[in-house]
Amino acid sequence: MRVLIVEDEHRLAATLQDLLALEGYTADVCHDGEAGLDNAESGIYDIIILDVMLPKKDGFSVLRELRAWGSTTPVLMLTARSELSDRVEGLDCGADYYLTKPFEPRELLACIRALSRRSPELRQTDEVSFGDLTLSKGSFSLACGERSVHLSRKEFDLCELLMRNHTQVITKDTILLKIWGYESDAEDNNVEVYISFLRRKLTHLKSRVKIRTIRMVGYRLEESD
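Sequence order sets the numbering: in each chain, residues are counted from 1 along the sequence as written. The predicted nature of this model means local features are confined to residues of pLDDT at least 70 and side-chain atom pairs, given and counted, to a pLDDT of 80 or more, with totals for whole chains, interfaces and linings taken over all residues. Side-chain calculation: all heavy atoms of the structure are included, whereas hydrogens and water are not.

(A) How the structure looks around the pattern of salt bridges. Take a side-chain nitrogen of Lys or Arg and a carboxyl oxygen of Asp or Glu: if they are within 4 Å of each other, that pair is a salt bridge. Evaluated as defined, the whole model comprises 14 salt bridges. Residues glutamate 65 and lysine 57 are paired through a salt bridge, measuring 2.9 Å at the closest nitrogen-oxygen approach. The cut-offs for exposure are 20% and 50% of the maximum accessible area for each residue type, with area from a 1.4 Å probe on protein chains only; residues under the lower value are buried, those over the upper are exposed, and the others partly exposed. Overall, glutamate 65 belongs to the partly exposed group, its relative accessible area being 34%. One continuous salt-bridge network, built from bridges that share partners, spans Glu7, Glu9, Asp51 and Lys101.

Written out as structure tokens, the structure is:
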């Protein structure tokens, strides 16, 4: 799961990024509202952590524009102000949850878990299944029957993306943004290399599931008879 952190306090943003990484989430950071809105509108994030007091564009404005744009991504708002009017404004703008600073790390993580449960595509994050395959987050392993293989972090993230969206064709651009991030210099050949890695592991597992290339579009999973 990829999280966007929009927070102008650099130390807090780095702390949140490290905290989320320890929990297995991938997090990107922006330090002002304009950059935060630009990143959020990419559509690659599963959850957004949004501070209220931001330079260039405040969090309320960012959220209003994001919702007007049509985004339904869950948003957790952060603020140092505890007034009821601020909380009401945040919720009216389209926030899904509101957390007042200072907060406990456990509370933040609980909020993120609660938000992820609201999205069907984010549920059951510990284990994903498709066809004869089972992907386990706890062990970073992919299993088929009695056979299993360990996956690297990017292999795992790519496999999870394909399995959770097995009814869709996933474009290379989507894979680059979701797996490598908005500011990465990774290119198409990086995607091709990791697709090749996964294909070898599916062959080793003797799985019926295959990664099909949709020419000039992207990839999707298919289960053979």
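Moving on from the coordinates now.
(B) Structural detail: the sheet that holds strand S12 (residues 218-223). If you walk across this open sheet you meet the 3 strands as S10-S12-S11, and the pairing is antiparallel. The outermost strands of the open sheet, each flanked by one partner alone, are strand S10 (170-171) and strand S11 (209-214). As judged from the 6 bridges shared by S11 and S12, these two strands associate in the antiparallel manner. Bridging across to S12, arginine 212 finds its partner in arginine 220. Docked against the sheet, helix H6 (residues 153-164) engages S10, S11 and S12, running at close to 65 degrees with respect to S12. Strands pair, by our definition, only if DSSP identifies at least two bridges between them. By the criteria applied, helices consist of DSSP H or I runs no shorter than four residues and strands consist of E runs no shorter than two, each listed in order from the N terminus. When checking whether two residues touch, look at their non-hydrogen atoms; a contact exists if any pair is within 4.5 Å. Here an axis means a line fitted to C-alpha atoms, over the contact stretch when the element is a helix, while the angle between two N-to-C directions is reported on a 0 to 180 degree scale.

(C) Structural context of the environment of valine 75. Relative to the helices and strands, valine 75 resides in strand S4 (residues 75-79). Note: C-alpha distance between valine 75 and glutamate 155 (80 residues apart in sequence) is 27 Å. Residues in contact with valine 75, not counting those within four places in the same chain, are Ile48, Leu50, Leu63, Leu66, Arg67, Ala95, Asp96, Tyr97 and Leu115.

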